[in-house]
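The chain contents come next:
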Amino acid sequence: MGLLAEASCPVCRELFRDPVSIHCGHHFCRGCITRRWEWATGPFRCPRCHQTAPERTLRPSPELARLLEITKGLDLEAVEPGVTAEEEEPGEGEWCGKHGEPVGFFCRDDGVGVCAVCRESRAHRSHAVLPATEAVREYQGRVQARLQGLTDARDRLLALRDAEMRRNCECLEKTEAERRRVASAFEGLRVLLEDAARLLLARLGALERDMERAQEDAATALTTEISRVDAAIRELQDTRGQPAGAFLRDIEGTLSRCDEGHFQPPTSLLAELEDKIGRFGEKNAALEETLRSFQDVLMFELPEKIPVTLDPSTAHPQLAVSPDGRSVRWEDPRATRPARALDTDPCVLGRPGVTSGTSCWEVEVPPQGSWALGVAKGAMRRSDESPVPPSIDLWSMGLCHGQFWALTSLERVPLHQLDVPRRVRVSLDYDKGHVAFFDADKRSLIFTFPAASFGGERVQPWFLVWGEGSQITLRP
């Protein structure tokens, strides 16, 4: 039997016909190995040792062919047509303990291997019993289908985990954006609104922690599920490679444990958290609008009023300053005024000058004519000997022929103000470089210069009046 085994093909179990060897050195009939590899969808494996071949290489074996010729002349025991290595009968090497017969059949109802006598017995006569080779082929197909299903399920889980990670990163980016918005909204009001800012940041932090926990839970659940799928895949792979008897011993239980229906992706909480982030963003946007209004109120209320009076020595010749320095009006050009005018514009400076801190003053303005008010810095006077007008920098707003303008030394920007205010408050934050104008009756912001540059120089209130009947008055 040893010589017979050596002279037989491991696939067909018959004497070699046109023997060839492959990459690992094992021999097969040319037709057997060709058919075996013809249907391979993956790497080319040796049916005997399962080594992977880089390519299909068949090497003729003339020495083995000559040995076969010699073998055919020997009186050897007839060789029973065998079964393929992968379709090996489960009864090979196993014998029925009850009848002493080889176990060559498989009872589908009981999921056990049986011998020919057991098959005809009362216990199995009504059961679905089929040859072991057929059972192996059938279950191999089911194992392959189940393995493919689990592999696809694992791939879907991996893709889902990657998508969850990306969504979580997007959520964290949104969270960071909201954090910046909160920090920015409360930056100017952090002293008065510190508790509110801390509360909102705590809520945002809670959302962030919820998302981190959701990410960890989702990643852990997905990893656990993937591990379970991998374990099932390994179990099926190990089962598929076992001898037929061990392979069929608990095949139904194995397939039941490895059913892809048992492996489901865990429920994700990120969608709910995304909704919470969106609602938080909407609330935060409304809060920002409220804070801007509140900031306007603070800008209106917090600066300290200073008693501004007009400096007659800086007034244009066509302007008449009241004796108490509280009002100025446009005067007939033919009137005689001091020659110490500030420049060719009909303007006048107020006093005192400002070099730090916050301050404000209010001015009554006419509903018609042209007027402007704000702050100025630079050369405030000119000498009688110099004909060159002094150079100043301006930050102001005013009304000219019914149109509001923001005025600087370099440009004019139109403002859209529907109602002409009766009183205008000028608010100055020297240290931050803010110059703001309010409707004093409505306590509403008209316009602000957010980033004026004073350069450490003194700035003074500045007023312009132009046109018949135009007059402005400083309020105490």
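Throughout what follows, the structure given in this document is the object of discussion. (Residues numbered from 1 in each chain as written. Predicted model: local features only at pLDDT ≥ 70, side-chain atom pairs only at ≥ 80, totals over all residues. Heavy atoms only, no water.)

1. Re the overall build of the protein chain
Selection rule: Each helix is a run of DSSP H or I of at least 4 residues and each strand a run of E of at least 2, with the numbering of both proceeding from the N terminus. Should any heavy atoms of two residues lie within 4.5 Å, those residues are considered in contact. All accessible-area figures derive from a Shrake-Rupley calculation using a 1.4 Å probe, and residue coverage is judged against the displayed protein chains alone.
Helix and strand counts for the protein chain stand at 9 helices and 23 strands. Sequence-distant contacts in the protein chain: of pairs separated by 6 or more residues, those separated by 24 or more amount to 63%. When the accessible area of the protein chain is evaluated, it comes to approximately 26,300 Å², of which 51% is carbon and sulfur surface.

2. Some remarks on helix α2 (residues 30-38)
Defined as follows: Type-normalised accessible area, obtained with a 1.4 Å probe on protein chains alone, sets the label of each residue: buried when under 20%, exposed when over 50%, and partly exposed for intermediate values. Directions are taken from the helix axis to each C-beta atom, and the arc is the one they span.
Among the residues of α2, Cys 32, Ile 33 and Trp 37 are the ones counted as buried. The buried residues of α2 all sit within an arc of 120° when viewed along its axis, so they share a single face. Packing partners of the buried residues in α2 comprise β1 (19-21), β2 (27-29), β3 (44-45) and β4 (52-53).

3. Overview of unusual backbone geometry
With omega at 10°, the peptide bond leading from Arg 351 into Pro 352 counts as cis. Looking at where Pro 352 falls in the secondary structure, it is placed in the loop between β13 (347-351) and β14 (358-364). The backbone phi angle of Asp 18 is positive, close to 50°, even though this residue is not glycine. Here Arg 443, not a glycine, exhibits a phi torsion of approximately 55°, which is positive.

4. Regarding the packing of aromatic side chains
The condition that has to hold: Aromatic rings from Phe, Tyr and Trp, taking only the six-membered ring of Trp, are treated as a pair when their centres fall within 6.5 Å; an angle between ring planes under 30 degrees marks them as stacked, one over 60 as edge-to-face, and anything in between as tilted. Distance and angle both matter: a charge sits over a ring if NZ of Lys or CZ of Arg is within 6 Å of the ring centre and within 35 degrees of the ring normal.
For the structure on display, the rule yields 6 aromatic pairs. A ring pair is formed by Trp 371 and Phe 404, whose centres lie 6.3 Å apart and whose planes are at 80°; its orientation type is edge-to-face. Placement of Trp 371 in strand β15 (residues 370-378) and of Phe 404 in strand β17 (residues 403-408) is noted, with a sequence separation of 33 residues between them. By relative accessible area, Phe 404 is classed as buried at 1%. Aromatic side chains Phe 447 and Phe 449 sit 4.8 Å apart centroid to centroid with 85° between the ring planes, which places their arrangement in the edge-to-face category. Phe 449 sits in the buried class, given a relative accessible area of 10%. Looking at Arg 119, its charged tip hangs above the ring of Phe 105, at a distance of 4.3 Å from the centre.

5. What about the pairing of β13?
Counted only if it meets this: Two strands qualify as a pair provided DSSP detects at least 2 bridges between them.
Across the 5 residues of β13, 4 count as buried, placing the element largely inside the fold. Sheet analysis places strand β10 (residues 309-310) next to β13, joined by 2 bridges and oriented antiparallel. Its bridge partner being in β13, Leu 310 is matched across the sheet by Gly 350. Of the strand pairs in this sheet, β13 and strand β22 (residues 459-466) are connected by 3 bridges, and their pairing is antiparallel. Paired with Val 348 across the two strands is Phe 463, which belongs to β22.

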